[in-house]
Amino acid sequence: TCALPITMSVRLRITMAEGLAIAPDDYWAAQAVLAQCRQFLAEAMNDVDLLLTPCVPGEAPRGLDYTGEARFQELWTALHVPAISIPAGRGPGGLPTAVQLVGKAGQDERLLGVAHWASRLTND
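A quick note: this is a predicted structure, and the numbers were derived from the prediction, not measured.

The rules we used
Residues numbered from 1 in each chain as written. Predicted model: local features only at pLDDT ≥ 70, side-chain atom pairs only at ≥ 80, totals over all residues. Heavy atoms only, no water. 1 Å grid on protein atoms, 1.4 Å probe; cavity = no way out; pocket = protein on both sides within 12 Å on 5 of 7 lines; lining within 4 Å. Points joined across faces, edges and corners; volume = space filled by probe spheres on them. Nonpolar A, V, L, I, M, F, W, Y, C, P; charged D, E, K, R; others polar. Pairing = 2+ DSSP bridges. Helix = DSSP H or I, 4+ residues; strand = E, 2+ residues; numbered from the N terminus. Salt bridge = Lys/Arg side-chain N within 4 Å of Asp/Glu carboxyl O. Buried < 20%, exposed > 50% of the residue type's maximum accessible area, 1.4 Å probe, protein only. Core = buried A, V, L, I, M, F, W, Y, C linked by side-chain atoms within 4.5 Å. Contact = heavy atoms within 4.5 Å. Patch = residues over 30% accessible without salt bridge, like charges linked within 9 Å, V, L, I, M, F, W, Y side chains within 5 Å. Areas by Shrake-Rupley, 256 points an atom, 1.4 Å probe, with all protein chains shown as cover.

**Student:** Any chance you could explain empty space enclosed by the protein here in plain terms?
**Tutor:** Where empty space is left can be seen by rolling a probe of water-molecule size over the atoms. On inspection of all chains with the given rule, the structure shows 1 cavity of 30 Å³ or more. Estimates place the volume of the largest cavity at around 30 Å³. As for the largest cavity, its lining consists of Asp 49, Leu 50, Gly 103, Lys 104, Gln 107, Arg 110 and Leu 111. Here the residues of the lining of the largest cavity sort into 2 nonpolar, 2 polar and 3 charged.

Dropping the structure here:
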């Protein structure tokens, strides 16, 4: 086997340290709240096919060192629903912008189909 050196960014190491610092009781309490939120979201989306939400606050950052703020994606991951970002033009600095489509739990394939259709409409 080939052993490759593993390097992690400072940002990732800080995020991991913050996560490991969470007290177990606080973690499990948050998990209970998230379970309730998943149920509320499922009920709220009964008559909704998908949600269109912001993907990030603003346009993509310059360079390859940072992919951008993820706070608008974290919610959907925590709620266990599929989400996908699609291009949506360019921002004031000429860099790409995107929107996010959020589907119902277990409907990943349907969301991918809609995203494929919508991305053809938004590509520049």
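**Student:** I'm lost on the pairing of strand E3 (residues 96-102) in this one. Help?
**Tutor:** The two faces of the sheet receive side chains in turn, since in a regular strand these alternate between them. Looking at chain direction, strand E1 (residues 51-54) and E3 are connected through 4 bridges and run antiparallel. Its bridge partner being in E3, Thr 53 is matched across the sheet by Gln 100. Here strand E2 (residues 83-90) runs beside E3; their pairing, made up of 6 bridges, is antiparallel. For Ile 86, the partnering residue across the bridge sits in E3 and is Val 99. Between E2 and E3, which pair antiparallel one after the other, the connecting turn spans 5 residues, and Gly 94 there sits at a positive phi close to 85°.

**Student:** So what exactly am I meant to see when it comes to the pattern of salt bridges here?
**Tutor:** Opposite charge on two side chains allows them to pair when their charged atoms are near. Taken as a whole and judged by the stated rule, the model has 1 salt bridge. Of the charged contacts, one joins Asp 49 and Arg 110 as a salt bridge, the two residues approaching to 3.3 Å between their closest N and O atoms. Taken together, the positions of Asp 49 in the loop between helix H2 (24-44) and E1 and Arg 110 in helix H4 (residues 108-122) put the pair 61 residues apart, joining distant regions of the chain. Residue classification places Asp 49 among the partly exposed positions, given a relative accessible area of 48%. Assessed through its relative accessible area of 45%, Arg 110 is described here as partly exposed.

**Student:** What should I look at first to understand the nonpolar core in this one?
**Tutor:** Inside soluble globular proteins, nonpolar side chains tend to come together where they are buried. Ranked by size, the top nonpolar core spans 6 residues in total: Leu 41, Met 45, Trp 76, Leu 79, Val 81 and Val 102. Ignoring anything within four residues of it in the chain, the contact list for Leu 79 reads Leu 34, Cys 37, Arg 38 and Leu 41. Core analysis: the second largest hydrophobic core is formed by 5 residues, Ile 86, Leu 111, Ala 115 and Ala 118 among them.

**Student:** Can you help me understand the layout of surface pockets in this one?
**Tutor:** As a volume, the largest pocket reaches approximately 200 Å³. Taken together, the residues of the lining of the largest pocket sort by class into 3 nonpolar, 4 polar and 3 charged. Each pocket or cavity is described by its volume, and for the second largest pocket that value is around 170 Å³. Val 56, Glu 59, Ala 60, Pro 61 and Pro 96 are, among the 13 residues lining the second largest pocket, the residues nearest its centre. A breakdown of the residues in the lining of the second largest pocket according to their chemical character gives 7 nonpolar, 4 polar and 2 charged.

**Student:** In this structure, what is going on with a nonpolar patch on the surface? I would like to understand it.
**Tutor:** Taken together, the side chains of Ile 6, Met 8, Leu 12 and Met 16 present a nonpolar region at the surface, about 400 Å² in accessible area. Along the polypeptide, Met 8 turns up in the segment before helix H1 (10-20). Among the residues examined, Met 8 registers a relative accessible area of 37% and is labelled partly exposed.

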